[in-house]
Each structure stands twice: as C-alpha cells, then as structure tokens.
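# Topology and contacts: notes
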Amino acid sequence: MKKLRTYAIVDYLKQKKYCSVQELIGHFRVSGATMYRDIAELAARDVVQRVHGGIALKERSAGSNQPSGSPFQERLSWNRERKEIIALKALRRIGENDILFLDSSTTVHYLAQLLEKSAFSNLTIVTNSVTIIQNFHKYPSHYVRIGLGGSYDVQLNSFLGQSTLRELEYLEISKAFISAFGVGDDKVTTNHEYHASLLMKVLDLASHRYLLADRSKFNRSGLFRIAPCRAFDEILSDSDQGQ
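An account of the accompanying structure is given in this report. Predicted, not measured: the structure shown is a model, and the values here were computed from it.

Below, the discussion takes up the overall build of the chain. Helix and strand counts for the chain stand at nine helices and 14 strands. The 243 residues of the chain split such that 51% are buried. Pairs at least 24 residues apart make up 65% of the contacts formed inside the chain by residues separated by at least 6 positions. For the chain, the exposed area adds up to about 11900 Å²; of that, 50% sits on carbon and sulfur atoms.

Listed below in structure tokens is the structure:
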C-alpha cells in the first residue's frame, strides 16, 4: 500500500507541480507522520525536493533518457553509491575479447556507464536494456553492440518475451552481469515472470555468471526464481555478504 501511495504522490505532483504537506495529507487521507515518511522516502530516492512549506518534483536534466518519476528513474536513484561501488568491482572482471550480457537493472546500468569510457581493443556488449541501447553511440566505435528486441516492459525499461529469447539462441555469451530483486535461502529471485525467463536463458548460455546485488537485496525474496546462488561464479556486493 505504501509503494502504491508514493507512486500516487508523484502522479499528483505531476499535475500540481507543487503541493503543501497539508494538502497532501488531506488529499491522501493519511496522518502527518505517514505523509512525512513518504516524503522522506521520495526525497531519499531523489524524486522530489523539499521547498518552503511543501514539496515539488525534482527537476531532471535535459539529457536524461527517462522521464521524472518513471519507475526506472526512481530505482536508478535508490542506493546509487552502493551500485557504483558494485559496478567498479564488476568492471575488474571484464577483459579483452569478452562477449558481455548486461541486463536492464539499475545496478548494471552503472557498469554500462563505466564501459562507455573503457578502452578495450575488442569487446562485445549484448543487452535488452533500452537505456543501454539508447546510449550505444557513446561507446568506443569499434565495440560490437547488440540490442535484443521484443515486447517493451515499461517498469523494467527493457525488451522481454519470446522474441528476445529467440534472438539469444544465436549468441555466445562469455560473461553475464545481472541483478535481481532478492537474494536469500540459496536462491536469486525477481518479481517479473518474463524477466526470470530471460535471465535463466542468459545464465544457461554464459560461461561466467556474475550477480550484482547491494546489501538491500539480501534476505528478501521475489515471486519468481531465477537461479540458486551457487549458479553464479561470484556475487558482487557492497557488503561482506557478497563475495
């Protein structure tokens, strides 16, 4: 219920641009303490900014590929520093002649940004992430860049489905970098059925498998199982729980 309300607050702000806290309390019929907690969460995710007497949507730069308040953009801001630490660890696992699969997670997004500035002589990047595909022009021109097509999923900002799986069948993957919703009880999980299907296929194809998960992902579980933890060569995290 709380998650739904924070999305509703963002939608309300898109219409109003600015709201006083009292207006939000009255509109959503919650206590002051509840609304302040929601505002604090949205501010921590860099979605809203506090202004005198209320809140407003955070302005996004003109070059952003994602609209303010989109699910992907909200997740991109969440735990950013932790994700950047993990991305640096992942970059050290990449070498010349690698054929990489990068998933559409926000953690892997930060690895993709590092690869934009990398200087490998020979590297191939395969992805179903719309954001990474949109940024293909930023990578060194001699890199091979392959975008997988399929049905567009707005929440994950990615291509999924049977078309995506069929395109994967023709590819070799040397190293796969993926993330997930939850890690615990020797299993890695997500809340999206088609996402789980894609990642299971990728893990089956890849010679080396890396899970990128910040500390908030541990000891929680999503609805659909991707793989057991032991299926990964390494679990890269910002905490001691990862390898």
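Turning to the nonpolar core, a few remarks are in order. One finds Phe101, Ile178, Val188, Leu198, Leu211, Ile226 and Phe232 to be the most contacted residues of the largest nonpolar core, which totals 28 residues. Where this core is concerned, the elements lending two or more residues are helix 8 (162–168), strand 9 (173–178), helix 9 (193–205), strand 12 (206–212) and strand 13 (224–227). For this core, the element with the most residues is helix 9, which contributes five residues. One finds Ile94, Val108, Leu115 and Tyr139 within the second-largest nonpolar core, a separate group that totals 22 residues.

A word on the pattern of salt bridges. The tally for this structure, following the rule as stated, stands at eight salt bridges. The partner of Glu84 in a salt bridge is Arg80, with the nearest N and O atoms 3.0 Å apart. Of the two residues, Glu84 and Arg80 both sit in helix 5 (residues 80–91), four residues apart, roughly one turn of that helix. When its relative accessible area of 32% is taken as the criterion, Glu84 is described as partly exposed. The class of Arg80 is partly exposed, set by a relative accessible area of 45%. Via salt bridges that share partners, Arg82, Asp214, Arg215 and Asp238 belong to a single interconnected network.

Let us now look at the pairing of strand 2 (residues 48–51). Strand residues, when the strand is regular, have side chains that alternate between the two faces of the sheet. Pairing of strand 2 with strand 3 (residues 54–57), which is carried by four bridges, proceeds in the antiparallel orientation. Each bridged residue has a counterpart across the sheet, and for Gln49 the counterpart in strand 3 is Ala56. In sequence, strand 2 turns back onto strand 3 through a hairpin of two residues, with Gly53 there showing a positive phi of about 80°.

Two elements, strand 9 and strand 12, share five bridges in a ladder whose sense is parallel. Following the sheet pairing, Ile178 is matched in strand 12 by Leu211. Relative to strand 14 (residues 234–236), strand 12 is paired through three bridges, and the arrangement is parallel. By the bridge assignment, Leu212 is partnered in strand 14 with Leu236.

Strand order in the open sheet made by the three strands is 10-11-13, with antiparallel pairing throughout. Two strands in the sheet have a free side with no partner beyond their single neighbour: strand 10 (182–184) and strand 13. Averaged over neighbouring strand pairs, the angle between their axes works out to 35° when direction is ignored. In this fold helix 9 packs onto strand 11 (187–190) and strand 13, with an angle of close to 15° to the strand it touches most, strand 13.

Now for the environment of Asp214. In this fold, Asp214 is placed in the loop between strand 12 and strand 13. Residues Asp214 and Lys83, spaced 131 residues apart in sequence, show a C-alpha to C-alpha distance of 6.5 Å. In this view, Asp214 contacts Asn79, Arg82, Lys83, Ile86, Ser237 and Asp238; residues no more than four positions away in its chain are not counted. Of the polar contacts made by the side chain of Asp214, one reaches the side chain of Ser216; its length is 2.4 Å.

This part takes up the side chain of Asp38. Positionally, Asp38 belongs in helix 3 (residues 32–44). Relative accessible area serves as the criterion here: at 1%, Asp38 is assigned to the buried category. Within the structure, the side chain of Asp38 is placed 2.5 Å from the side chain of Arg5, a separation counted as a polar contact.

Here the focus is the environment of Tyr110. Checked against the element boundaries, Tyr110 lands in helix 6 (residues 106–116). Taking relative accessible area as the criterion, Tyr110 reaches 5% and is therefore assigned buried. Spatially, the C-alpha atoms of Tyr110 and Ala90 are 9.9 Å apart, while their sequence positions differ by 20 residues.

Contact geometry for helix 5 and helix 6: axes closest at 8 Å, N-to-C directions at 55°. If you check the angle between helix 5 and helix 6, you find them oblique. Helix 6 is crossed by helix 5, and the crossing has right-handed handedness. Where helix 5 abuts helix 6, its residues Arg80, Lys83, Glu84, Ile86, Ala87, Leu88, Ala90 and Leu91 lie against Thr106, Thr107, Tyr110, Leu111, Leu114 and Leu115. In terms of residue class, the contact of helix 5 with helix 6 is made up of nine nonpolar, two polar and three charged.

What counts, and at which threshold
Along each chain, the written sequence defines residue order, and numbers are assigned to residues from 1. Given that the model is predicted, a residue must reach a pLDDT of at least 70 before its local features are reported, and side-chain atom pairs must reach 80 or more before they are shown or counted; all residues, however, enter totals for whole chains, interfaces and linings. Heavy atoms from the whole structure form the basis of all side-chain values; hydrogens and water molecules are not counted. Helix and strand definitions here come from DSSP, where helices need a minimum of 4 consecutive H or I residues and strands a minimum of 2 consecutive E residues; each element is numbered from the N-terminal end. Exposure classes here rest on a 1.4 Å probe applied to the protein chains alone. A residue is buried below 20% of its type maximum, exposed above 50%, and partly exposed in between. For this analysis, residues touch if any pair of their heavy atoms sits within 4.5 Å. Method for areas: the Shrake-Rupley scheme with a 1.4 Å probe, in which residue coverage is limited to the protein chains shown. Residues grouped as a nonpolar core are buried Ala, Val, Leu, Ile, Met, Phe, Trp, Tyr and Cys residues, joined through side-chain atoms within 4.5 Å. What counts as a salt bridge is simple: a side-chain nitrogen of Lys or Arg found within 4 Å of a carboxyl oxygen of Asp or Glu. Pairing between two strands requires that DSSP report at least two bridges joining them. Under this scheme, a helix contributes an axis fitted over its contacting stretch, all axes are lines through C-alpha atoms, and angles between N-to-C directions fall in the 0 to 180 degree range. In the analysis that follows, any N or O atom pair within 3.5 Å is treated as a polar contact, provided that within protein one partner can donate a hydrogen and the other can accept it, and provided that, for residues neighboring in sequence, both atoms belong to side chains. The labels follow the angle: roughly parallel below 35 degrees, roughly antiparallel above 145, roughly perpendicular from 65 to 115, and oblique for the rest. Note on convention: the crossing is left-handed when the near helix lies turned anticlockwise from the far helix by less than a right angle, right-handed when the turn is clockwise. Amino acids outside the nonpolar list (Ala, Val, Leu, Ile, Met, Phe, Trp, Tyr, Cys, Pro) and the charged list (Asp, Glu, Lys, Arg) are all regarded as polar, and Gly is one of them.

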